[in-house]
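Observations on the model geometry
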Amino acid sequence: MKLSRYYIPTLKEDPADAEVVSHRVLTRAGMIRKLTSGIYVYLPLGLKAINKVADIIREEMNAAGAVEITMPSVQPADLWRETGRWDYYGKELLRFKDRHGRDYCLGPTHEEVITDLVRGEIRSYKQLPVNLYQIQTKFRDEVRPRFGLMRGREFIMKDAYSFDADETGAEKSYQDMYDAYARSFERIGLVFRAVQADSGPIGGDFSHEFMVLAETGEDTIAVCTDPKCGYAANLEKAVVAAPLNNLCPCPPETTIPAFELVDTPGTHTVEELCSFLKIEPKAIIKTLLFSVDGQPVAGLVRGDREINEVKLRNMAGGNDIELATPEQVKAWTNAPVGFAGPVGLKDVRILADQELCADQGWYTGANQGDAHFKSVHLGRDVKVEKFADLRVITESDPCPKCGKAIEFTKGIEVGHVFKLGTKYSKSMSATFLDKDGKEQHMVMGCYGIGVSRIVAAAIEQNNDEHGAVFPPSIAPFEACLIALAGKDAAVADKAEELYAELKAMGVDVLYDDRDERPGVKFNEADLIGYPMQLTLGGKGLKNGVIETKDRKTGERGELPLDNFAEAFKAWRESIWKSWGLDPD
RNA sequence: CGGGAUGUGGCUCAGUCUGGUAGAGCGCUGCGUUCGGGACGCAGAGACCGAGUGUUCAAAUCACUCCAUCCCGACCA
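Below is a summary of the structure that appears in this document. Computed from a predicted structure; not experimentally measured.

**Some points on the overall build of chain A**
Looking only at helices and strands, one finds 16 helices and 31 strands in chain A. If one aligns the C-alpha atoms of chain A with their principal axes, the spans along those axes are about 95 × 65 × 55 Å. Across the 584 residues in chain A, those meeting the buried criterion constitute 53%. Within chain A, counting contacts between residues at least 6 apart in sequence, those at least 24 apart form 69% of the total. Surface accessibility of chain A: about 26,400 Å² in total, with carbon and sulfur atoms responsible for 49%.

This is the structure in structure tokens:
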């Protein structure tokens, strides 16, 4: 491609609304433009990078036996009502009516559509397994879109859905996808990690997320420090090991004295209560009230711990969890926020962290203003529905798998694989006849990759003060040929010749043939982040060489012009190798 | 949805407090000089100051309402 005929509107200054590096660079380098909040135009360079990512994923999906289709982005509400998600999916689902007043939504995901499709076609175990995928634009009306392509409302996603005759088959499909994902991210050139994850509103009982490790990641993951153990989980999923003296559930017998009321005026927070009573947060039970699918639920954790809402939601068996409003707290406990406690709480489900069984004689809220109880014993004084792991893991907790230390790192979620089981096939009656002629529900899995997000994640992971540093596998062009011709026709002619030669070699090269000053060309090439830069100037031509620059290391060198093809091939291979990649 | 901030040529911003002729840099057009890390000179084009209402002799500036965008907290690829 000749730059003089191309479309790369670069910006000299950082856009005012871009906070993270990938957003800044993508905008400045002329790869994307914002249309409205969370919705972007993909300009030629950005689209090219996205397409390279998509091509790699497509190859790996096909190799893993998945088959490509394209489903509509507009979906009828009826399908969503069948699975109940029309009510449960929430506001991320953009709903609208057509001219006849019929309800529709823009697809944030496609379980309903694919299940509807497959149940109409598949009747026999002989037709299974099937794995269908698409690479398509999704729409999720995110509460707070941010960070450019990292969290858009409209974004490009690869989603695949597997259908198997039984659990064993489903497990194989899951593993195949897991492996295909790992291969894809390796080929793209990302440093990533697969971690255990919560399955969220997609549903199902087992899932892994693929996290690109980067400081700016929105997710925190807990990783075992022992590589042999390999435990890694999203913070919201990471299991806290049960305490050694696990007494769950608390026995009712106890020798501690009966609980009694203590005056604690104005102590709304754990900190205030502690300094007022001169006690440690560890001596307190924090009672947090939530609305789970509209029902009141109290979550109990130790005063110095953080409750894990995902664990609480799962334990309560709900779809949607929200912290109670002050009005709800008042209605459920008869007390203002800050004085809720489990003792005497009526019509509220009480779920407690397992750790609370390891000790007795707690301070808790008294469900009346300006007062707390002391000497509360959960087994004796409270009707706890269930004790379980309810809190957020901390860096001082042991690895739940091997007991060694864990550490936290930040990650960007670029892929997620789920085992769905029969959740959708049951609610939508996707059945087939097995060998014995018996009707069975298909066992499903679903698998997503954020294609456009990967481009942002790659930049988050690879950049410097000059701009992006693209892995050659997904760089919009793998090389940029810069001609410093000026009025020197010989340089222009030679550059033209080299450009043709590179194209003939199958190199995806951009030829900067513009009549611009050298500084402009160099700076733009660095900003965009082509892995390989080739510069031909008058001096080089005289000496029979062309200059090279490795964008990642900044290392410069020269290639002879008389044996250019050979020399370039070797250099190109070394560049790809430095990324752990292979040009072929 | 709560909290905070910002809307002024294509881009980045000043001007707003203290009302009185719309500014700068970048970019863009033309001419000339330059030409190995975002050149320089000269001459230009380009804005109903986010929208509406109000206050005033007079509003980018004050008041109210709305809209949009960004940042911080509950969702997800």
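**So, empty space enclosed by the protein**
By the definition in use, this model includes two cavities of 30 Å³ or more. Size it by volume and the largest cavity reaches roughly 60 Å³. Every residue along the wall of the largest cavity is listed here: M150, R151, T216, G217, E218, D219, G411, I412, E413 and R453. With three residues, the top contributor of residues to the lining of the largest cavity is strand β21 (residues 406-421). Among the residues forming the lining of the largest cavity, the class breakdown is two nonpolar, three polar and five charged. Taken together, L3, C480, D512, R514, K521, E524, A525, I528 and Y530 form the lining of the second largest cavity. Sort the elements by how many residues they give to the lining of the second largest cavity and helix α14 (residues 518-528) lands first, with four residues.

**Some thoughts on the packing of helix α2 (residues 44-63) against helix α6 (residues 167-188)**
As a packed pair, α2 and α6 sit with axes 9 Å apart at the nearest point and diverge in direction by 145°. Classified by chirality, the crossing of α6 by α2 is right-handed. The segment α2 lies against α6, with V53, I56, I57, E59, E60 and M61 engaging M177, A180, Y181, R183, S184, R187 and I188. Class assignment for the residues of the contact of α2 with α6 results in eight nonpolar, one polar and four charged.

**A word on the nonpolar core**
In terms of nonpolar packing, the biggest core is built from 59 residues, with F185, I454 and Y530 touching the most fellow members. Not counting chain neighbours up to four residues away, the residues in contact with F185 comprise L190, F192, F210, V414, G415, I449 and I454.

**Describing the sheet that holds strand β14 (residues 285-292)**
Hydrogen bonds between backbone groups are what pair the strands of a sheet, and the pairing can be parallel or antiparallel. Strand order in the open sheet formed by five strands is β16-β14-β15-β17-β20, with mixed pairing between adjacent strands. Looking at the sheet topology across the chains shown, the edges are occupied by β16 (321-323) and β20 (386-388). On average, each strand axis in the sheet is tilted by 30° relative to the strand beside it, whichever way the strands run. Pairing of strand β15 (residues 295-302) with strand β17 (residues 349-353), which is carried by four bridges, proceeds in the parallel orientation. Paired with A298 across the bridge in β17 is I350. Where helix α9 (residues 326-333) meets the sheet, it contacts β14, β15 and β16, and its direction lies at approximately 110° from that of β14.

**Notes on the environment of D359**
Assignment of secondary structure puts D359 in the loop between β17 and β18 (362-365). Put simply, D359 and C250 are 109 residues apart on the chain and 9.3 Å apart in space, counted from C-alpha to C-alpha.

**Thoughts on the side chain of T333**
Mapped onto the elements of the fold, T333 is located in helix α9. The buried category is assigned to T333, whose relative accessible area is 3%. At a separation of 2.7 Å, a polar atom in the side chain of T333 contacts the main-chain carbonyl oxygen of V329.

**Section: the sheet that holds β18**
A sheet is described by the order of its strands in space; here three strands give the open sequence β13-β19-β18, paired in antiparallel fashion. Both outer strands of the open sheet, β13 (260-263) and β18, are each paired with one neighbouring strand and no more. If you compare each strand with its neighbour and ignore which way they point, the axes differ by 35° on average. In this sheet, strand β19 (residues 371-376) lies alongside β13 in antiparallel orientation, the contact comprising four bridges. In the strand pairing of β19, D263 is matched with A371.

**Overview of the packing of aromatic side chains**
All chains considered together, the criterion is met by 15 aromatic pairs. Their ring planes at 20° and their centres at 6.3 Å tell us that F96 and Y104 sit as a pair that is stacked. Ring centres 6.2 Å apart and planes at 40° place the aromatic pair F192 and F210 in the tilted group. Here F192 is found in strand β9 (residues 192-196), whereas its partner F210 is found in strand β10 (residues 206-213), with 18 residues between them in sequence. Ring pairs connect the aromatic residues Y178, Y181, F185, F192 and F210, which therefore count as one cluster. Sitting over the face of the ring of F477, K48 holds its NZ or CZ atom 3.9 Å from the ring centroid. Sitting above the plane of the W86 ring, R95 keeps its charged end 4.9 Å from the centroid.

Rules and cut-offs
- By convention here, each chain's residues receive numbers from 1 onward along its written sequence.
- Numbering of ligands from 1 and lettering of chains from A proceed in the order in which they are written.
- Where local features are concerned, this predicted model is filtered to residues with pLDDT of at least 70; where side-chain atom pairs are given and counted, the filter is 80 or more; whole-chain, interface and lining totals use all residues.
- Side-chain calculation: all heavy atoms of the structure are included, whereas hydrogens and water are not.
- Segments assigned H or I by DSSP are reported as helices when at least four residues long, segments assigned E as strands when at least two residues long, and all are numbered from the N terminus.
- Categorising residues by exposure relies on relative accessible area from a 1.4 Å probe, with only protein chains included: less than 20% of the type maximum marks a residue as buried, more than 50% marks it as exposed, and the intermediate range marks it as partly exposed.
- A contact between two residues is defined here by any heavy atoms of the two lying within 4.5 Å.
- Only the protein chains shown count as covering a residue, and every accessible area follows the Shrake-Rupley method with a 1.4 Å probe.
- Space inside and on the surface of the protein is sampled on a 1 Å grid over the protein atoms alone, with a cavity defined as a set of points where a 1.4 Å probe fits but cannot get out and a pocket as an open set with protein on both sides within 12 Å along at least 5 of 7 lines; lining residues have an atom within 4 Å of a point.
- Grid points are joined across faces, edges and corners, and a volume is the space filled by probe spheres set on the points.
- Note that Gly is not counted as nonpolar here; it falls among the polar residues with everything else outside the nonpolar set of Ala, Val, Leu, Ile, Met, Phe, Trp, Tyr, Cys and Pro and the charged set of Asp, Glu, Lys and Arg.
- Working convention: axes come from line fits to C-alpha atoms, limited for helices to the stretch in contact. Angles between N-to-C directions cover 0 to 180 degrees.
- We call a crossing left-handed when the near helix sits turned anticlockwise from the far one by less than a right angle, and right-handed when that turn is clockwise.
- Definition used in this section: a nonpolar core is a set of buried Ala, Val, Leu, Ile, Met, Phe, Trp, Tyr and Cys residues joined via side-chain atoms within 4.5 Å.
- Think of it this way: DSSP has to see at least two bridges between two strands before they count as a pair.
- In protein, a polar contact means a hydrogen-donor-capable atom and an acceptor-capable atom, both N or O and within 3.5 Å, with residues adjacent in sequence counting only if both atoms are side-chain atoms; elsewhere, any N or O pair within 3.5 Å suffices.
- Two aromatic rings, drawn from Phe, Tyr or Trp (for Trp, its six-membered ring), form a pair once their centres lie within 6.5 Å of each other, and the interplanar angle then sorts them: stacked below 30 degrees, edge-to-face above 60, tilted otherwise.
- Should the NZ of a Lys or the CZ of an Arg lie within 6 Å of a ring centre and within 35 degrees of the ring normal, that charge is described as sitting over the ring.

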